[in-house]
Amino acid sequence: MADRLRFKETLMLLDPLKIRDLELPNRVVMAPMSQRSADQTGCANSWHLVHYGSRAVGGVGLVMIEDSAVSPEGRGHGGALGLYTDEQAAALAPIVEFCHQQGAKVGVQLGHTGRKAFADSDALNQVVGATGAPFNASSHQPHALTDEEIGDLVAAFGQAAARASQVGVDVIEIHASHGYLIHEFLSPLTNHRSGPYGGDPEANSRFLLDIVERVRAACGPGMPLFVRLAIDDLADGGWHADDAIPVINQLSRAGCDAIDAAAGGAVEGASSFEIPVDFRNLAAQVRERTGVPTIVAGGISSAEAAEAALAGSDCDLVAIGRLLLTNPFWVNSLKESTQAR
Ligand SMILES: Cc1cc2nc3c(=O)[nH]c(=O)nc-3n(C[C@H](O)[C@H](O)[C@H](O)COP(=O)(O)O)c2cc1C
């Protein structure tokens, strides 16, 4: 396939894209990938500078910094990044600056691991969840968040977004997948609350909608805001595309600019590593049924597959994970192939 692409004059992958005030140089997003390399205080270090910086040197249009917790107990493990202190934000600043110098834009994924936290560090003195039910037999018993604590977390997402914006981050992505805290609220398999944040579809989605509204207010009208959303729980009785679509329409009205389509992880045995998922199809459904731009993330392991997802109108951006781990300069090699013609 590399040969066929070599003789193609233009690739949609290399087209720029404007979202709000941001001009992305091409359609390739480096997928968020936790590095488990932060120090105990959740700060980035030289590992992150090299990890993200090399992909920026390699031509990626948008470098998405890994899942960064909005509160201490939101860190899933001792090596997780945080964005709940000014020191953590300051540690990101040189990474953002370096990536910008290479022509890349930078996003950061804001999240909270919820009941899936390993609590393997002093930083994690408490595991919290939508309810007191642990993820599985070897997970910690979470503290069920009170409505007031949920409100504090909504505010924490806004504060983390403001910190990111202050150090020059261009895009915010909210992590609402993988069975982490926001997804735990969305899924009827895991949200057994009553009251404002659970019990029916409207209440189950309130936490995410409140977060999107707060983050949009915190980062201003010019900054793109993405949501990595589980479109399907991959489990009977769970949340599926028909449930996600109305929520995506609400997210869009609240200021979300793109859906990064994901699936699974809410309950044991139902992750996308265990059950095959057609991510292109999920993203295409969202794009077609809501008109909201989408990102395909997962299983794109060649330029042909990435180009096909864009050309097939399944998505507007393609997120690449493991391929960029093995070849940080993949995008530049594509540019050279097309220019060599
Ligand atoms: C080492 C590693 C860490 C990951 N960490 C995150 C993360 O922080 N946030 C997230 O949403 N997904 C995370 N993912 C999932 C990736 O973003 C991506 O969706 C997945 O790897 C599938 O894309 P790929 O087939 O191109 O690798 C991670 C994946 C890997 C391999």
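The text that follows walks through the structure, step by step, so that each part is easy to find. (Residues numbered from 1 in each chain as written. Predicted model: local features only at pLDDT ≥ 70, side-chain atom pairs only at ≥ 80, totals over all residues. Heavy atoms only, no water.)

1. A few points about the pattern of salt bridges
- Summed over the entire model, instances satisfying the criterion amount to ten salt bridges.
- Among the salt bridges present, the one from Asp 314 reaches Arg 280, with a minimum N-O distance of 2.4 Å. In this pair, Asp 314 is assigned in the loop between α10 (303–311) and β13 (317–320) and Arg 280 in helix α9 (residues 279–290), connecting sequence segments 34 residues apart.
- Among the ionic pairs, Arg 287 bridges to Asp 316, the shortest N-O distance being 2.9 Å. Taken together, the residues span a long stretch of sequence, with Arg 287 in helix α9 and Asp 316 in the loop between α10 and β13 at a distance of 29 residues.
- The exposure class of Asp 316 is buried, given its relative accessible area of 13%. (Salt bridge = Lys/Arg side-chain N within 4 Å of Asp/Glu carboxyl O. Helix = DSSP H or I, 4+ residues; strand = E, 2+ residues; numbered from the N terminus. Buried < 20%, exposed > 50% of the residue type's maximum accessible area, 1.4 Å probe, protein only.)

2. A few points about the site of the ligand
- Taken together, 14 residues form the shell around the ligand, and within it Pro 32, Ser 34, Gln 109, Gly 299 and Arg 322 come nearest.
- In the environment of the ligand, an oxygen atom lies 2.9 Å from a nitrogen or oxygen atom belonging to the side chain of Arg 228.
- Within the contact set of the ligand, an oxygen atom lies 2.8 Å away from a backbone nitrogen or oxygen of Gly 299.
- Out of a free accessible area of 600 Å², the ligand has 81% covered by protein chains.
- Here the residues of the shell around the ligand sort into four nonpolar, seven polar and three charged. (Near = heavy atom within 4 Å. Polar contact = N/O pair within 3.5 Å; in protein donor to acceptor, adjacent residues only side chain to side chain. Areas by Shrake-Rupley, 256 points an atom, 1.4 Å probe, with all protein chains shown as cover. Nonpolar A, V, L, I, M, F, W, Y, C, P; charged D, E, K, R; others polar.)

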